[in-house]
Amino acid sequence: MFDKWWERSVIYQIWPKSFCDSNGDGIGDLPGIQSKLDYLKDLGVDILWLSPIYRSPDRDNGYDISDYYSIQPNYGTMEDFDSLLQEVHRRGMKLVMDLVMNHTSDQCEWFQKGIEDPNSKYHDYYYWRKGKGPGVPPNNWNAVFKGSAWTYNEKNDEWYLGCFSPFQPDLNWSNPELRQEIYKMVRFWLDKGIDGFRLDAIGYIGKNPELPDSPDGSCLILDPCVHTYLQELNRQVLSHYDIMTVGENANLTVEDMEKFASLDGGELNMMIQFFHVEEDIDEFGKFNLNRVNLPHLKQLYRDQQEDMYGKFWTSLYWSNHDQPRQVSRLGTEDPKYRDRAAKMIAMNTHMMMGTPFVYQGEELGMTNLHWDSLDELRDLEELGAWHEFVDSGRKSPEEMMECIRQKGRDNARTPVQWSAEKNAGFTDGTPWIRVNPNYTEINAAAELEDPDSVLNFYKKLIALRHTDEIVISGQYHGIALEDPQVFAYTRGIPRETWLILCNFSGEKAPFDWRPYLYSSSEEPDVVLGNVDSSDFLETGTLEPWEGIILRCRT
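First things first, this report covers the structure right here in the doc. (Residues numbered from 1 in each chain as written. Predicted model: local features only at pLDDT ≥ 70, side-chain atom pairs only at ≥ 80, totals over all residues. Heavy atoms only, no water.)

### Topic: the overall build of the chain
- Along its length, the chain carries 16 helices and 20 strands.
- Since a compact globule built from 554 residues should have a radius of gyration of about 24 Å, the 24 Å found for the chain is in line with a globular shape.
- Across its three principal axes, the chain shows a C-alpha extent of roughly 80 × 50 × 50 Å.
- A burial count over the chain gives 62% of its 554 residues as buried.
- For the chain, long-range pairs separated by at least 24 residues make up 70% of all intrachain contacts whose partners lie at least 6 apart in sequence.
- For the chain, the exposed surface amounts to about 20900 Å²; the carbon and sulfur share of it is 46%.
- The averaged location of the 91 negative side-chain charges in the chain is 2 Å from the averaged location of its 54 positive side-chain charges. (Helix = DSSP H or I, 4+ residues; strand = E, 2+ residues; numbered from the N terminus. Rg over C-alpha atoms; globule rule 2.2 N^0.38 Å. Buried < 20%, exposed > 50% of the residue type's maximum accessible area, 1.4 Å probe, protein only. Contact = heavy atoms within 4.5 Å. Areas by Shrake-Rupley, 256 points an atom, 1.4 Å probe, with all protein chains shown as cover. Lys, Arg positive; Asp, Glu negative; His and termini not counted. Charge placed at Lys NZ, Arg CZ, Asp CG, Glu CD.)

Written out as structure tokens, the structure is:
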């Protein structure tokens, strides 16, 4: 237990399109990533996760793959990828690729051949069905990006299934020949020497072949066959390599997590769960102005963190390509406290049990962007929600735009702010998406020179994971669950306890630490804090957005 390299690592997610552009076309690329490897090594991260870089029509930012064996031309060539992989390994880091196995692009050769010849093997690589009647889909499933999950093909008088969108047809995992085709492709990348996969929306591959109606119209049912497929994938392919696998799926219970990511290693190594990032959803889904309910959030974390010990491993994150910027969501954009809040949120996450994921720019304290108009938006989810809620009159255009400013995915996809130079140093050309204008205040060049920056605080947090066993194996205990301001928990190993206190508010917060630390010494040590000259131990009061780690040895 706790002896796997990925349990002791920190993962850094790269969204290639917005990371660094080397050739001035306004789109990030593989040589651009390679040019920043020393920065990432200095940050201290162990594993780089690349969001999809395969050939794609790019209607869903690469999650619509048309050729699993080719690199998206905007990002470079296979030679560029091979060079990147070599340089990552030369620096002692590992590289994990994002892989979509639930669906392909409708431009994928398999799908096109299946349309051309309904009697070919490729036709059964996807879900094709007759409708229930003229113009009536085979079942009641709705797509993630809105509308029916079924699209009618007049040529063959059949409907095909696309649980995300019409241009992302679902692969038929009940077909053994399709599964072997997928396994062949997985081996291709593993034989190149990559260090694992992040498996997008993996639960969707498990579908009852009968495709029955669902109670709520959802196409995410988590049929038990998903575990049969993943066990086969593990047995035939994954277990033969020293790699890390991370699954991603919504609506996972603690019991689901244990099935997917049990420590016995029979399926995957860990899962990306959604219980915390969906705490604030309502009848409009994520598109609201709700703040998280802190007592409820703490209860959710306690349930997961305390139940997982000795059973399964998990991911730790608030930011990724699907989420708004965490300091805007959970903290504040007020310049007086923004950096302190960014550090506090990071401390709260990194000191839990699991593997932390850092999303590009998060380590700088990058914020949401105040979008001015619909024309600036690029994300399918935002545009689909706009038409669903605005066209129906459920939200006014002004209300919906403010929801997108707060919760939209494009907030995470603005270019990384490398410097105060034009376009934040991301590109010499015209960026594919708007650069956040606060790059003159928030950028890597400035933060590298500032010992008190968010960036340098992240280095300290990552170093703690590399040096202190308690961060890896200490048991989690959630405390003060009803406190409306302070997120508090302990991590413990024999003869040592850490108390992590995080004030998730812009007001001072009293907190009595004494009942939670028992020591022969007069007071505990301060391991790390985000407030210079904090007098918390004397006053028992946390400053606005303060985070502090206290250590007691017995």
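Right, picking up where we left off after that structure.
### Points about the sheet that holds strand E6 (residues 128-129)
- Overall, antiparallel pairing links the 3 strands, which are arranged E6-E8-E7 in an open sheet. The strands lining the two open edges of the sheet, one partner per strand, are E6 and strand E7 (150-153).
- In this sheet, strand E8 (residues 158-161) lies alongside E6 in antiparallel orientation, the contact comprising 2 bridges. Bridging from a neighbouring strand, arginine 129 pairs with tryptophan 159 of E8. (Pairing = 2+ DSSP bridges.)

### A few points about the side chain of serine 214
- Along the polypeptide, serine 214 turns up in the loop between strand E9 (196-200) and helix H6 (225-236).
- Within the structure, serine 214 has its side chain in polar contact with the backbone nitrogen of glycine 217 (distance 3.1 Å).
- Not counting residues within four places of it along the chain, the set of residues in contact with serine 214 comprises Asn140, Trp141 and Ile221. (Polar contact = N/O pair within 3.5 Å; in protein donor to acceptor, adjacent residues only side chain to side chain.)

### Comments concerning the pattern of salt bridges
- One pass over the full model with this rule turns up 37 salt bridges.
- Residue aspartate 280 is joined to lysine 407 by a salt bridge in which the shortest nitrogen-to-oxygen separation is 3.2 Å. Note that aspartate 280 is positioned in the loop between strand E11 (270-272) and helix H8 (294-308) and lysine 407 in helix H12 (residues 397-407), a separation of 127 residues in sequence.
- Between lysine 508 and glutamate 543 there is a salt bridge, with its nearest N and O atoms 3.7 Å apart. (Salt bridge = Lys/Arg side-chain N within 4 Å of Asp/Glu carboxyl O.)

These values are about where atoms sit, not about what they do.
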